[in-house]
Amino acid sequence: MNIRRLIPTTALVGAAALGLTTLTACSSDAGDGRKDGKLDVVASFYPMQFLAERIGGDAVHVSTLTRPGVEPHDLEISPRQTADLSKAGLVVYLKGLQPSVDRAIAQADPEHVADAASYTTLEDHGTEVEGDHGGEEGHDGHAHSGDAAADPHIWLDPVRYAQVAKGVGKALEKADPDHAETFKKNTTALVKQLNTLDQDFRSGLKDRSSDTFITTHAAFGYLSERYGLRQEAISGLDPEAEPSPARVKALHTIAKKDKVNTVFFETLVSDRTAKTLAGDLHLRTDVLDPIEGIGSKSKGDDYLQVMRSNLEALRKALGAK
């Protein structure tokens, strides 16, 4: 299943020639993987940037390929960015989320790479994901490791994200052994915060009156499985896909049957379809943020704050006491 649009080669060449693509990944000063004496870490988009910054701390210089406010699936990589990737001390990315990044990394072949998808399990999710109410990982026949066709939104499950954090920490230790103890200490602290976040979701979503929520696209499958919820997405894994008339009709039925009171939209893509559906059903709307980037509309300054905003939005929508 190919869920992402491929970026035409001619678009990349044209953007480079006209200077339309902004270079956001800072290159190394001496081509030795360092910038200003610190390990030069390039992150593909915000969730990877957050891990690199929290774990790397003052020992690293972190830049990101995806600027704030840009939908990460729309990212185009310039030839210059590709060349700079080869000079980075470490590249942190999530294989399968951004095809242009995958291609650029394969071409640049940097010495040290941390692929988040290799540190946990990925699963196939569609428009509907129903939690198992037990918080166990995976379903029979749906677990993958590094599968580019599977649902990439692993960071929305704090448990899986903690697994990725440990992997990124190990990658930083390998890329910069001199600061290994710093990376270990920072990884431990971050994993502890993510474990606390997991417990907050578990306790915060107890005694709810409903399990079902409707959202713009199917980004919350892992979160739903972790906490026993049922995600009903207007579109599939592609945030810009238009729903079929049959899907819209099905959502009308689901909303009435499961007494859904909220249709969620997100911050980086159009809210038109979500608001239209909510208007037809006389439901309220709210933000459930997939945290693919932090922007002016984000309800928080970092991953942890936005996840807690998501928790409060879900508690209100699902009638948690």
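Just so it is clear, the structure is predicted and the values come from calculations on it, not from any experiment.

Thresholds, definitions, all that
- Think of each chain on its own: its residues are numbered from 1, step by step along the sequence as written.
- Where local features are concerned, this predicted model is filtered to residues with pLDDT of at least 70; where side-chain atom pairs are given and counted, the filter is 80 or more; whole-chain, interface and lining totals use all residues.
- Processing note: side-chain calculations cover all non-hydrogen atoms of the structure and skip hydrogens and water entirely.
- Numbering of helices and strands runs from the N terminus; a helix is a DSSP stretch of H or I covering at least four residues, while a strand is a stretch of E covering at least two.
- The contact definition used throughout considers only heavy atoms, calling two residues in contact when any of these lie within 4.5 Å.
- Stacked, tilted and edge-to-face are the three classes assigned to paired rings of Phe, Tyr and Trp, where Trp is represented by its six-membered ring and a pair needs centres within 6.5 Å; plane angles under 30 degrees give stacked, over 60 edge-to-face, the rest tilted.
- A ring is considered to have a charge above it if a Lys NZ or an Arg CZ atom is located within 6 Å of its centre and within 35 degrees of its normal.
- Note on geometry: axes are C-alpha line fits, over the in-contact stretch for helices, and angles between N-to-C directions span 0 to 180 degrees.
- When an angle is under 35 degrees it counts as roughly parallel; over 145 it counts as roughly antiparallel; between 65 and 115 it counts as roughly perpendicular; any other value is oblique.
- For a crossing to be left-handed, the near helix must be turned anticlockwise from the far one by less than a right angle; the clockwise case is right-handed.
- The classification used treats Ala, Val, Leu, Ile, Met, Phe, Trp, Tyr, Cys and Pro as nonpolar, Asp, Glu, Lys and Arg as charged, and all other residues, Gly among them, as polar.
- Here the expected length of a helix is defined as 1.5 Å per residue gap, with one fewer gap than residues.
- Exposure classes here rest on a 1.4 Å probe applied to the protein chains alone. A residue is buried below 20% of its type maximum, exposed above 50%, and partly exposed in between.
- Put simply, a nonpolar core is a bunch of buried Ala, Val, Leu, Ile, Met, Phe, Trp, Tyr and Cys residues held in one set by side-chain atoms that sit within 4.5 Å of each other.
- pLDDT gives the predictor's per-residue confidence on a scale running from 0 to 100.
- Definition used for salt bridges: Asp or Glu carboxyl oxygen within 4 Å of a side-chain nitrogen of Lys or Arg.
- Think of it as the arc spanned by the lines of direction from the helix axis to the C-beta atoms.

Draft legend 1. View of the side chain of Gln49. In this fold, Gln49 is placed in helix α2 (residues 46–56). Apart from the residues within four sequence positions on either side, Gln49 is in contact with Ala43, Val62 and Thr64.

Draft legend 2. Representation of unusual backbone geometry. If you check the backbone angles, Lys259 has positive phi at about 55° while not being a glycine. Tracing the backbone shows Lys259 in the loop between α8 (245–257) and β9 (262–265). The phi dihedral of Ile291 is positive, around 55°, even though this residue is not glycine. Following the sequence through the fold, Ile291 ends up in the loop between β10 (284–287) and α10 (303–318).

Draft legend 3. Quick look at the packing of aromatic side chains. Throughout the structure, instances matching the rule amount to eight aromatic pairs. Between Tyr161 and Tyr303, the ring centres sit 4.5 Å apart and the planes meet at 45°, which makes this aromatic pair tilted. With Tyr161 in helix α5 (residues 158–175) and Tyr303 in helix α10, this residue pair connects regions lying 142 residues apart in the sequence. Through pairs of rings, three or more aromatic residues link up here, namely Tyr46, Phe50, Tyr161 and Tyr303. The positively charged end of Lys275 is found above the aromatic ring belonging to Phe265, 5.2 Å away from the centroid.

Draft legend 4. Molecular detail of the packing of α2 against α5. Packing of α2 against α5 leaves a shortest axis separation of 10 Å and a crossing angle of 55°. Classified by the angle their axes make, α2 and α5 are oblique. Considering the relative orientation of α2 and α5, their crossing is right-handed. Counted together, Pro47, Phe50, Leu51, Ile55 and Gly56 of α2 and Tyr161, Val164, Ala165, Val168, Gly169 and Leu172 of α5 form the full contact between these two elements. In the contact of α2 with α5, the residues fall into nine nonpolar, two polar and no charged.

Draft legend 5. A look at helix α6 (residues 180–204). For α6, spanning 25 residues, the distance from its first C-alpha to its last is 36 Å, which sits close to the expected 36 Å at 1.5 Å a residue. Every buried residue belonging to α6 is among Ala180, Phe183, Thr187, Leu190, Val191, Leu194, Leu197, Asp198, Phe201 and Gly204, and all of these are buried. Looking at the buried residues of α6, the elements they touch are α2, β3 (60–64), α5, α7 (221–227) and α10.

Draft legend 6. Focus on the nonpolar core. Core analysis: the largest hydrophobic core is formed by 60 residues, its most contacted members being Trp155, Tyr303 and Leu314. Listing elements by their share of this core, those giving two or more residues are β2 (38–43), α2, β3, β4 (90–93), α5, α6, α7 and α10. At nine residues, the largest contribution of residues to this core is made by α10. Beyond its immediate stretch of four places on either side in the chain, Leu314 contacts Phe201, Leu205, Phe213, Leu223, Leu229, Phe264 and Leu288. Core analysis: the second largest hydrophobic core is formed by 13 residues, Leu251, Ala274, Ala278 and Val287 among them.

Draft legend 7. Representation of the confidence of the model for the protein in the model. Per-residue confidence for the protein averages 84 on the pLDDT scale, and 81% of its residues sit at or above 70. Predicted confidence is poor over residues 1–30, with pLDDT under 50, and the contacts of this stretch with residues over four places away or in other chains come to 68 contacts. pLDDT under 50 marks residues 132–148. Its contacts with residues more than four places away, or in other chains, come to 38 contacts.

Draft legend 8. Representation of the pattern of salt bridges in the model. Under the criterion given, the structure shown has 17 salt bridges. Between Arg54 and Asp302 there is a salt bridge, and its shortest N-O distance comes to 3.0 Å. Of this pair, Arg54 sits in helix α2 while Asp302 sits in the loop between β10 and α10, placing them 248 residues apart in sequence. Look at Asp302 and you get buried, because its relative accessible area is 15%. Note that Glu312 is salt-bridged to Arg315, the shortest N-O span being 3.7 Å. Of the two residues, Glu312 and Arg315 both sit in helix α10, three residues apart, roughly one turn of that helix. Among the ionic contacts, a cluster of salt bridges with common partners joins Arg230, Glu232, Arg247, Lys257 and Asp258.

Draft legend 9. Just α8, in detail. Between the first and last C-alpha of α8 there are 19 Å, a value that for 13 residues agrees with the 18 Å anticipated at 1.5 Å per step. For α8, every residue scored as buried is listed here: Arg247, Leu251, Ile254 and Ala255. An end-on view of α8 places all buried positions within 95° of arc, on one side of the element. When the buried face of α8 is taken as reference, the exposed residues oriented beyond 90 degrees from it are Pro245, Ala246, Lys249, Thr253, Lys256 and Lys257. On its buried side, α8 packs onto β7 (212–215), β8 (230–233) and α9 (272–281). Lys259 sits one or two positions beyond α8 and adopts a positive phi of about 55°.

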